[in-house]
Amino acid sequence: RLADAKFFFEEDRKVPLEVRVEDLQGVVFHTLLGTSYEKVMRLRALAGGIASLLNPAIKEKVLRVATLAKADLTTQMVGEFPELQGIMGREYALLAGEDRRVAQGIYEHYLPTSATGDLPEGSEGAIVSIADKMDSIAGFFGVNLIPTGTADPYALRRQALGIINIILDKGYPLRLDALIDKSLLTLSKKLKRPAPEVKADILAFFQSRLENQ
């Protein structure tokens, strides 16, 4: 396994993360929500908007994190060891000379990975994490894949709680309804029901998570 990993690591380094972004067009995020490349484009739009509102000075770094966030999904290392997604993205970014905050943001955008897990420390990772999670929640609600009872195959409850905890931890002055509107706008061609109806369901979903918290 270690010999395989060493081989994958050396092979992966021959193709920079930036080049791998295009390869995400061949990676399906979900059959109803398109490819991981489409998700990255939505991430850029949503994260860029959040950065403009909260801290325009870091917008370029936030956009860079959003662009490279999913690129390691096309690496042989993550293909063999899926639990290393984000971790390998960070390491390959550092080796390629990316800004350290960008590299760390690639890793941190997956945080928190559990209800009580570590939160992103950097603003870049925190903003892209909010955007990533909101895109998933809005997308799955928009195509009627909503958690029911104990069934939550896409971990949407954990992701909603993650957004809440990041916003509270960072003290971000973000309006949830505005975030949802922006996310649904980027998903407009994927939605299976009216956006206002989806938005109402998402707001109720977040309210329930916040009450539990």
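Preceding block: the structure.
Thresholds applied
- Residues numbered from 1 in each chain as written.
- Predicted model: local features only at pLDDT ≥ 70, side-chain atom pairs only at ≥ 80, totals over all residues.
- Heavy atoms only, no water.
- Helix = DSSP H or I, 4+ residues; strand = E, 2+ residues; numbered from the N terminus.
- Rg over C-alpha atoms; globule rule 2.2 N^0.38 Å.
- Buried < 20%, exposed > 50% of the residue type's maximum accessible area, 1.4 Å probe, protein only.
- Areas by Shrake-Rupley, 256 points an atom, 1.4 Å probe, with all protein chains shown as cover.
- Axes fitted to C-alpha atoms, helices over the stretch in contact; angles between N-to-C directions.
- Left-handed = near helix turned anticlockwise from the far one by under 90°.
- Contact = heavy atoms within 4.5 Å.
- Nonpolar A, V, L, I, M, F, W, Y, C, P; charged D, E, K, R; others polar.
- 1 Å grid on protein atoms, 1.4 Å probe; cavity = no way out; pocket = protein on both sides within 12 Å on 5 of 7 lines; lining within 4 Å.
- Points joined across faces, edges and corners; volume = space filled by probe spheres on them.
- Core = buried A, V, L, I, M, F, W, Y, C linked by side-chain atoms within 4.5 Å.
- Polar contact = N/O pair within 3.5 Å; in protein donor to acceptor, adjacent residues only side chain to side chain.

## Some details on the overall build of the chain
Per the secondary structure count, the chain includes 11 helices and 2 strands. Reading the secondary structure of the chain in the N-to-C direction produces α-α-β-β-α-α-α-α-α-α-α-α-α. Here the C-alpha atoms of the chain give a radius of gyration of 17 Å, agreeing with the 17 Å that 2.2 N^0.38 yields for 213 residues. For the chain, the spread of C-alpha atoms along the three principal axes comes to 50 × 35 × 30 Å. Going through the 213 residues of the chain one by one, you find that 47% of them count as buried. Taken as a whole, the chain presents about 10300 Å² of accessible surface, with 53% of it coming from carbon and sulfur.

## A word on the packing of helix α7 (residues 100–108) against helix α8 (residues 123–142)
Running from N to C, α7 and α8 cross one another at 35 degrees; their axes reach a closest spacing of 8 Å. Seen from above, α7 lies across α8 with right-handed handedness. On the side of α7, the interface is formed by R101, G105 and E108, while α8 contributes S123, E124, G125 and S129. Within the contact of α7 with α8, the residues separate by chemical class into no nonpolar, 4 polar and 3 charged.

## Description of the layout of surface pockets
Empty space within the largest pocket amounts to approximately 350 Å³. Surrounding the largest pocket, 19 residues form its lining, F29, K70, Q85, Y110 and D132 being those nearest its centre. Listing elements by their share of the lining of the largest pocket, those giving two or more residues are β1 (28–30), α3 (36–54), α8 and α9 (156–170). Here the lining of the largest pocket gets 3 residues from one element, more than from any other, and that element is α8. The calculated volume of the second largest pocket comes to roughly 150 Å³. Elements supplying a minimum of two residues to the lining of the second largest pocket: α9 and α11 (195–212). With 4 residues, α9 is the largest single contributor of residues to the lining of the second largest pocket. Tallied by class, the residues present in the lining of the second largest pocket amount to 8 nonpolar, 1 polar and 1 charged.

## Points about the environment of M88
Relative to the helices and strands, M88 resides in helix α6 (residues 87–95). Classification of M88 as buried rests on a relative accessible area of 7%. Beyond its immediate chain neighbours, meaning those up to four positions away, M88 contacts F9, D72, M77 and V78.

## Remarks on the nonpolar core
The biggest cluster of nonpolar side chains holds 53 residues, and the ones touching the most others in it are I50, I127, I130, I137, Y172, I202 and F206. Considering every element that reaches this core, the biggest residue donor is α8, with 10 residues. Among all residues touching I130, those that are not within four sequence positions of it are I50, I163, I166, I167, Y172, L174 and L179.

## Some thoughts on α7
For α7, the full list of buried residues reads V102, A103, G105, I106 and E108. The N-capping residue of α7, defined by a side-chain oxygen 2.7 Å from the backbone nitrogen of R101, is D99.

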